[in-house]
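Residue strings, one per chain:
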Amino acid sequence: MRIGVFDSGIGGLSTLIACLRYLPEAHFLFYGDTAHSPYGDKSPEQVRQWTEAAYEWFIQAEVDAVVLACNTATSAAVSPIREYADVPVIGIEPAIKKALTLYPEGKILLLATTMTVAGAKLEQLLAQLPDARQRVMPLACPGLAERIESQGADWQQQVRQYLHRQVLPACTADIQAIVLGCTHYCWIRDLSSGLAGRAIPTLDGNDGVARQLCRRLDIPLQTDVCPELPGAASIDFHFTAEAAAKTQVARQLLAAHGIRTQSS
Ligand code: DGL
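Residues numbered from 1 in each chain as written. Predicted model: local features only at pLDDT ≥ 70, side-chain atom pairs only at ≥ 80, totals over all residues. Heavy atoms only, no water.

Chemist: Explanation requested: the nonpolar core in the structure shown.
Modeler: Counting 53 residues, the largest nonpolar core has Ile3, Leu13 and Phe28 as the members making the most contacts within it. Per-element tally for this core: the top contributor is helix 1 (residues 13–22), with seven residues. Not counting residues up to four positions away in its chain, the partners in contact with Leu13 are Phe30, Trp187, Phe237, Ala250, Leu253 and Leu254. Tyr55, Leu68, Ala77 and Ile81 belong to the second largest nonpolar core, which has 22 residues in total. (Core = buried A, V, L, I, M, F, W, Y, C linked by side-chain atoms within 4.5 Å. Buried < 20%, exposed > 50% of the residue type's maximum accessible area, 1.4 Å probe, protein only. Helix = DSSP H or I, 4+ residues; strand = E, 2+ residues; numbered from the N terminus. Contact = heavy atoms within 4.5 Å.)

Chemist: Is there a simple way to explain the UniProt feature "active site" (unreviewed entry) in the chain in this structure?
Modeler: When the UniProt feature table is mapped onto this chain numbering, "active site" (unreviewed entry) sits at Cys70 and Cys182. These annotated residues cover 113 residues of sequence, but their C-alpha atoms sit close together, with the largest distance between any two at 6.6 Å. By the secondary structure assignment, Cys70 is in the loop between strand 3 (65–68) and helix 3 (71–84). We classify Cys70 as buried; its relative accessible area is 4%. Setting aside residues up to four positions removed in sequence, Cys70 forms contacts with Phe6, Asp7, Tyr39, Ile92 and Thr183. Looking at the secondary structure, you find Cys182 in the loop between strand 7 (175–180) and helix 10 (189–193). The class of Cys182 is buried, set by a relative accessible area of 6%. Beyond its immediate stretch of four places on either side in the chain, Cys182 contacts Asn71, Leu111, Ala112, Thr113 and Ala145. (UniProt positions renumbered as here; feature names shortened; annotations may be inferred.)

Chemist: Sorry if this is basic, but what is going on with the site of the ligand here?
Modeler: Neighbouring the ligand are 13 residues; Ser8, Tyr39, Thr72, Thr183 and His184 lie closest to it. Within the contact set of the ligand, an oxygen atom lies 2.6 Å away from a backbone nitrogen or oxygen of Tyr39. Contact with the protein chains hides 99% of the accessible area of the ligand, taken as 300 Å² for the molecule alone. Residues of the shell around the ligand, tallied by class, amount to five nonpolar, seven polar and one charged. (Near = heavy atom within 4 Å. Polar contact = N/O pair within 3.5 Å; in protein donor to acceptor, adjacent residues only side chain to side chain. Areas by Shrake-Rupley, 256 points an atom, 1.4 Å probe, with all protein chains shown as cover. Nonpolar A, V, L, I, M, F, W, Y, C, P; charged D, E, K, R; others polar.)

Chemist: So what exactly am I meant to see when it comes to the sheet that holds strand 6 (residues 136–140) here?
Modeler: Pairing between sheet strands relies on hydrogen bonds along the backbone, with the strands arranged either parallel or antiparallel. The sheet built from four strands is open, its strands ordered 6-5-7-8 with parallel pairing. Each edge of the open sheet carries a strand with a single partner, namely strand 6 and strand 8 (202–203). Of the strand pairs in this sheet, strand 5 (residues 107–112) and strand 7 are connected by five bridges, and their pairing is parallel. Paired with Leu111 across the bridge in strand 7 is Leu180. (Pairing = 2+ DSSP bridges.)

Chemist: Help me out: how do you make sense of the packing of aromatic side chains in this one?
Modeler: Tallied over the full model, the rule gives 10 aromatic pairs. Connected via pairs of aromatic rings, a cluster forms that spans Phe6, Tyr31, Tyr39, Trp50, Trp57 and Phe58. (Phe/Tyr/Trp six-rings, centres within 6.5 Å; stacked < 30°, edge-to-face > 60°.)

Chemist: Before we go on, may I ask you to explain the pattern of salt bridges in this structure?
Modeler: Side chains that differ in sign of charge can pair as their charged atoms come close. Evaluated as defined, the whole model comprises seven salt bridges. Close ionic contact of Glu52 with Arg48 constitutes a salt bridge, the shortest N to O distance being 3.0 Å. Here Glu52 pairs with Arg48, and both are found in helix 2 (residues 44–60), just four residues apart, close to one helical turn. Between Arg133 and Glu123 there is a salt bridge; the shortest N-O distance is 2.7 Å. Separated by 10 residues along the polypeptide, Arg133 in helix 7 (residues 132–135) and Glu123 in helix 6 (residues 120–128) bring together distant segments of the chain. On the basis of relative accessibility, which here comes to 40%, the residue Glu123 falls in the partly exposed class. Each of the salt bridges in this network shares a partner with another, and the network as a whole consists of Glu45, Arg48 and Glu52. (Salt bridge = Lys/Arg side-chain N within 4 Å of Asp/Glu carboxyl O.)

Here's what the structure looks like:
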């Protein structure tokens with residue numbers, strides 16, 4: 001089985017890891033559109049075109065399903081692509097519903113890109129959920145995904161400074177949970193969770209995507225418990241810019257989770 005996983009860069013690897021738990025034997029093709037990242041500050045029309053180009057690339061590569069492991073690309077492109085798609089296309093959305101259910105009191109801070117926060121998809125999601133408009137506080141974080149994407153020597157320091165300046169003021173005492181509405185932010189879970197000097201639970205949509213992928217492929221989910229990570233995975237990487245360096249970073253991020261990668 002061949003699964004395409006798409007993001008503007010390394011954020012989508014966090015979704016790929018979730019998919020690997022359920023489909024350890026699958027062959028994954030990871031497409032990072034580093035030539036055009038970050039997506040969050042571009043126009044929805046541009047992001048739709050780049051996502052469609054990635055979808056075409058996956059179809060040429062004969063995948064069985066495509067995962068849009070990018071909230072921004074999902075917001076801009078999942079509906080138009082599904083209109084003509086030949087294979088299941090699974091998008092990712094901020095885990096707001098889960099957060100509202102798990103934390104029925106207080107407020108939920110949603111961190112996402114400018115495009116996701118401004119998009120009609122988020123608006124629809126908030127409209128469907130009781131209390132969501134009163135309880136979910138969306139905060140656009142322009143510039144955060146690129147600091148994470150850089151993975152330069154001081155990237156964590158840069159992220160800390162950003163979070164203190166831009167996010168800490170929004171972490172008021174009534175915030176019960178943080179929803180990571182951008183897959184890049186999954187790589188800074190600990191930094192955001194500890195930001196306000198108390199442990200704020202953080203949630204993301206990756207497990208839900210992996211389970212939805214299985215459902216769409218008619219693969220029975222054996223258990224409610226999230227399976228263990230496999231020690232090895234079959235993954236081909238395709239980055240549209242800085243391919244060699246990005247592939248090395250990707251392999252390192254997966255290795256930090258105990259996953260050895262081999263390509264086909
Ligand atoms: N990882 C992406 C997301 O989930 C977008 C980051 C970006 O390119 O701005 O929204």
